[in-house]
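A look at the structure
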Amino acid sequence: MTPARPALDPELRELLTGMPLMSQLTPEVLAHLRQLPSAPVDPLLAHRNVHRREVEVAAKDGARIRLSVFSPANTDPITAAPCVYWIHGGGMVMGDRFSQIDIPLEWLDEFGAVVVSVDYRLAPEATGTTLVDDCYQGLLWTAEHSEELGIDPTRIIVAGASAGGGLAAGLTLMARDLGAPTIAAQVLICPMLDHRNTTTSSRQFTGVPGVWTGEMNEFGWQAVLGDLPADEVSAYVSPARAEDLSGLPTTYIDAGSAEVFRDEDTDYATRIWAAGGQAELHVWAGGFHGFDALYPQADISVAARRTRTDWLARLLYPNGSAERTRPTHADGRRGETQSV
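Below is a summary of the structure that appears in this document. (Residues numbered from 1 in each chain as written. Predicted model: local features only at pLDDT ≥ 70, side-chain atom pairs only at ≥ 80, totals over all residues. Heavy atoms only, no water.)

Once that is clear, we can look at the overall build of the chain. For the chain, the count of helices and strands is twelve helices and nine strands. Here the chain has a C-alpha radius of gyration of 19 Å; the compact-globule value for 340 residues is 20 Å, and the two agree. Here the C-alpha coordinates of the chain stretch approximately 60 × 45 × 45 Å along the principal axes. Counting only residues that meet the buried cut, the chain has 54% of its 340 residues in that class. Of the contacts made within the chain by residues no fewer than 6 positions apart, 77% connect residues no fewer than 24 positions apart. Total accessible area computed for the chain in this model is approximately 14300 Å², and 53% of it derives from carbon and sulfur atoms. Computed over 26 positive and 44 negative side-chain charges, the inter-centroid distance for the chain is 2 Å. (Helix = DSSP H or I, 4+ residues; strand = E, 2+ residues; numbered from the N terminus. Rg over C-alpha atoms; globule rule 2.2 N^0.38 Å. Buried < 20%, exposed > 50% of the residue type's maximum accessible area, 1.4 Å probe, protein only. Contact = heavy atoms within 4.5 Å. Areas by Shrake-Rupley, 256 points an atom, 1.4 Å probe, with all protein chains shown as cover. Lys, Arg positive; Asp, Glu negative; His and termini not counted. Charge placed at Lys NZ, Arg CZ, Asp CG, Glu CD.)

The structure is reproduced here in structure tokens:
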């Protein structure tokens, strides 16, 4: 019997009629999806006065990890900027550092934030903790070069969407346990937190085509974990397994009511509160997975993105808008690639 499911927001439902939906991922489908061209970043930079710098840093095993750094070009050089360390989505099996990059670039516009986006290695070629370790090495480099980048090291925010949200949560747990770097906040957008795939919402969105289904979720986790026994899965990979959620920075979590990750995301916020932490949770009625990234023009998406940005404003500028400085918009320009 097909379980009842929350209805989609009417505007989103209409927009989805033009999108081909799937119920499953296979190695063949994944190979095809990876061959599709990435969304170009240059059009997003064309109306912004942004300096772009490409950097390579060493992973734990010596592999090279690419970071893209986007900095407002017209800012006060004396005042250090907040930083958004961005981790892209894609089920841990696809995507790159420019995926969903329009989300943190809005925070560059709004707050003059420096955006650093990491190109972590993907499963199944990379497995286990490799993905989150890559993200950690990129974050270490960012913190260590904060003065050079014009970043305030006390205002580094880790953020990500979907798989990137899950990796952001794992990265934040890792930074807490290792004692560095300092993370001011984590923004977890429809995060992929639990490899067990046993919640009510995961069952509700299994057996039906969608943007991200229970079957697709199982494929992504299988790609990362392989045959690893469930009790050996690291909480840095599957943060829902973490027994202790105390000592985490303030957290923002959002999800749609009509998506696989709804229940694991709600539970994660609840457990942060139970551990004495601070979290803000939004479940958007009728939202499917990644709705605000796919259709940012929809009314519900505008509300979700604005609410997220307003939360960041309260965090970064507790004394109000008088503190905020926005960069001037003009033509963008590119920096050079460096290897460090």
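Another point: empty space enclosed by the protein. Empty space among the atoms becomes apparent when a probe as large as a water molecule is rolled across them. Summed over the entire model, instances satisfying the criterion amount to one cavity of 30 Å³ or more. As a volume, the largest cavity reaches approximately 40 Å³. Lining the largest cavity are Ile189, Cys190, Asp254, Ala255, Glu259, Trp284, Gly290, Phe291, Asp292 and Arg308. Among the secondary structure elements, those contributing two or more residues to the lining of the largest cavity are strand E7 (250–256) and helix H11 (291–294). For the lining of the largest cavity, a count of residues per class yields five nonpolar, one polar and four charged. (1 Å grid on protein atoms, 1.4 Å probe; cavity = no way out; pocket = protein on both sides within 12 Å on 5 of 7 lines; lining within 4 Å. Points joined across faces, edges and corners; volume = space filled by probe spheres on them. Nonpolar A, V, L, I, M, F, W, Y, C, P; charged D, E, K, R; others polar.)

Our next topic: unusual backbone geometry. Of note, the amide linkage connecting Ala123 to Pro124 takes the cis form, showing an omega dihedral of 5°. Here Pro124 lies in the loop between strand E4 (114–119) and helix H5 (130–144). Positive phi, close to 40°, is recorded for Cys190, a residue that is not glycine. Judged by its relative accessible area of 5%, Cys190 is buried.

What follows deals with the nonpolar core. In terms of nonpolar packing, the biggest core is built from 67 residues, with Tyr85, Ile87, Tyr120, Leu171 and Tyr268 touching the most fellow members. Sort the elements by how many residues they give to this core and helix H7 (residues 163–178) lands first, with eight residues. Phe111, Val187, Cys190 and Ala313 belong to the second-largest nonpolar core, a separate cluster that totals 28 residues. (Core = buried A, V, L, I, M, F, W, Y, C linked by side-chain atoms within 4.5 Å.)

Glancing now at the layout of surface pockets. Of the pockets and cavities examined, the largest pocket occupies roughly 1200 Å³. Lining the largest pocket we find 38 residues, and of these Gly90, Met94, Ser99, Gln100 and Leu294 sit closest to its centre. Those elements that provide at least two residues to the lining of the largest pocket are helix H2 (27–35), helix H4 (102–111) and H11. Its residues placed into classes, the lining of the largest pocket shows 24 nonpolar, eleven polar and three charged.

So, about the side chain of Thr142. Of note, Thr142 is situated in helix H5. Beyond its immediate sequence surroundings of up to four residues, Thr142 is in contact with Leu67, Cys83, Tyr85, Val116, Leu149 and Ile151.

Before going further, it helps to spend a moment on H7. Taking 1.5 Å as the rise per residue, H7 with 16 residues should run 22 Å; its terminal C-alpha atoms sit 22 Å apart, in good agreement. For H7, the tally of buried residues reaches 13 of 16 residues, placing the bulk of the element in the interior. (Expected span 1.5 Å × (residues − 1).)

Before going further, it helps to spend a moment on the packing of aromatic side chains. Under the criterion given, the structure shown has three aromatic pairs. With 6.0 Å between their ring centres and 35° between their planes, Phe111 and Tyr317 make a pair best called tilted. Residue Phe111 is located in helix H4, and its partner Tyr317 is located in the loop between helix H12 (299–316) and strand E9 (333–339); the two are separated by 206 residues in the primary sequence. Judged by relative accessible area, Tyr317 falls into the buried class, the value being 7%. Seen in terms of ring centroids, Tyr252 and Trp311 are 5.3 Å apart; in terms of plane orientation they differ by 55°. Their pairing is tilted. Of this pair, Tyr252 sits in strand E7 while Trp311 is found in helix H12, placing the two residues 59 residues apart along the sequence. The exposure class of Trp311 is buried, given its relative accessible area of 7%. (Phe/Tyr/Trp six-rings, centres within 6.5 Å; stacked < 30°, edge-to-face > 60°.)

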